[in-house]
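In case you want the letters, here they are:
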Amino acid sequence: MDWVERVANIRRWTRQGERAPHKPLLLLYALGRFQREGGRPIPFGSAEADLKALLKEFGPPRDTSPGYPFHHLTSDGVWLVDTVHGPGSPGSELGRLREAQAAGRLHPDLLRALTDDSHLVVRLARHLLDANFEPSLHPDICRFVGLDLHDQVTAAEQLVPSPRPGRDPAFRESVLVAYEYCCAFCAYDGWLDGMAVGLDAAHVRWRAFEGPDDVANGLCLCSIHHKLFDKGVLGVTPDRTIAVSGKFVGRSPAAGQMVFSLAGRPVRDPQGGFDLVDDDHIAWHGRQVFRAPARQGRHVQGQHV
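Only a predicted model underlies this, so the values are computations on that prediction, with no experimental measurement involved.

### Describing the packing of aromatic side chains
Here comes step 1: With the rule as written, the count across this model stands at eight aromatic pairs.
Here comes step 2: Geometrically, the ring pair formed by F58 and F144 is edge-to-face, given 6.0 Å between the ring centres and 85° between the ring planes. Here F58, found in helix α3 (residues 44-58), pairs with F144, found in helix α8 (residues 138-145); they are 86 residues apart in sequence, far enough to count as distant.
Here comes step 3: Of the aromatic side chains, those joined through ring pairs into one cluster are F44, F70 and W79.

Right, here's the structure in full:
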């Protein structure tokens, strides 16, 4: 049985490109627990707070109950739930899961495969990450769920189905050239020994959700603003100004200068001859990534007002 293919075919709720990584996040959490504890069942009562925080941190902006993936992943052949009353999930309602002392566990066949193949957990985790999240978020998710992906796999073992064709290697250079090697948010433009340093090509609409590798879906951002953009701290408004999430907290002068002062600042346009970011991609990021509401304020002569 090809478990990577099985995991790739996990059914997810979909509607007009909306993100629904709830099942993948639970499975990543379970794989992390497997690395640390083996195949022991995971009581919902002990995992509820972790799953709630995981969904809040890396899920879509809308609220989601941790009971949703804990129950619904049972329909995909990789996860089982038992209660004090016997096999089977009592449903996704939190009260029922708590009352029945529900506990989830990886399917015995998957658990056996993970035990027999020490590299399988890494391959599954990499696939789940690539299929659902931007690369800038992968290390944070792994730290949160306790996954160690520093595993040496053979070339043959790396030949697993990819959720999408590989990223176009020309994408980064095209975006950086379009923005003249300058962060579209803060104007940082550092170089070292003739090479740009600390500058990234950020996807506005994530590749995992049909975001193309072209300039109309890219922004040149410095590394810190790229990370904040992918986490939903920063966004782009329909009139192409920078939005700062009202949920972001920062008390230092550095946070004020690097984040709060950006609110209302115009996003730098690419140089002539290159496409502006597509309105549809901006709207997708606003719905699926940015943590609304936006902080009220405007940028005036370098200050946040």
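### Quick look at the environment of R12
Here comes step 1: Looking at the secondary structure, you find R12 in the loop between α1 (3-8) and α2 (22-37).
Here comes step 2: In this structure R12 comes out as partly exposed when scored by relative accessible area, which is 29%.
Here comes step 3: Taking the C-alpha atoms as reference points, R12 and L73, 61 residues apart in sequence, are found 9.4 Å from one another.
Here comes step 4: The residues contacting R12, other than those within four sequence positions of it, are A20, P24, A131 and N132.

### Re a nonpolar patch on the surface
Here comes step 1: Taken together, the side chains of Y188, L192 and V197 define a hydrophobic patch exposed on the protein surface, amounting to about 260 Å² of accessible area.
Here comes step 2: Tracing the sequence through the fold places L192 in strand β5 (residues 191-192).
Here comes step 3: Since its relative accessible area comes to 55%, L192 is described here as exposed.

### Observations regarding the confidence of the model for the protein
Interpreting fine coordinate detail is not advised for predicted regions of low pLDDT.
Here comes step 1: Confidence in the prediction for the protein averages 91 pLDDT; 90% of positions are at 70 or higher.
Here comes step 2: Under a pLDDT of 50 for its full length, residues 152-159 has, in the predicted model, seven contacts with residues more than four places off or in other chains.

### Examining the nonpolar core
Here comes step 1: By size, the foremost hydrophobic cluster in this structure holds 49 residues, and its most contacted members are F70, W79, L114, L124 and L147.
Here comes step 2: Take this core: its biggest share by element is eight residues, from α2.
Here comes step 3: Excluding anything up to four places from it in sequence, L114 contacts L31, F34, L106, L120, V121 and L124.
Here comes step 4: In this structure, A178, A184, V233 and F248 belong to the second largest nonpolar core, which totals 35 residues.

### Quick notes on unusual backbone geometry
Here comes step 1: For the bond from A292 to P293, the omega torsion is 5°, close enough to zero to count as cis.
Here comes step 2: Looking at where P293 falls in the secondary structure, it is placed in the loop between α12 (279-288) and β11 (299-300).
Here comes step 3: A positive phi angle is found at E180, which is not glycine, with a value near 55°.
Here comes step 4: Inspection of the secondary structure puts E180 in the loop between α9 (170-178) and β5.
Here comes step 5: Positioned with a positive phi, D193 is a non-glycine residue whose angle comes to about 50°.
Here comes step 6: Within the secondary structure layout, D193 lies in the loop between β5 and β6 (195-196).
Here comes step 7: Note on D193: relative accessible area 75%, which makes it exposed.

Scoring rules and cut-offs
- Residues numbered from 1 in each chain as written.
- Predicted model: local features only at pLDDT ≥ 70, side-chain atom pairs only at ≥ 80, totals over all residues.
- Heavy atoms only, no water.
- Phe/Tyr/Trp six-rings, centres within 6.5 Å; stacked < 30°, edge-to-face > 60°.
- Helix = DSSP H or I, 4+ residues; strand = E, 2+ residues; numbered from the N terminus.
- Buried < 20%, exposed > 50% of the residue type's maximum accessible area, 1.4 Å probe, protein only.
- Contact = heavy atoms within 4.5 Å.
- Patch = residues over 30% accessible without salt bridge, like charges linked within 9 Å, V, L, I, M, F, W, Y side chains within 5 Å.
- Areas by Shrake-Rupley, 256 points an atom, 1.4 Å probe, with all protein chains shown as cover.
- Salt bridge = Lys/Arg side-chain N within 4 Å of Asp/Glu carboxyl O.
- pLDDT = per-residue confidence, 0-100.
- Core = buried A, V, L, I, M, F, W, Y, C linked by side-chain atoms within 4.5 Å.

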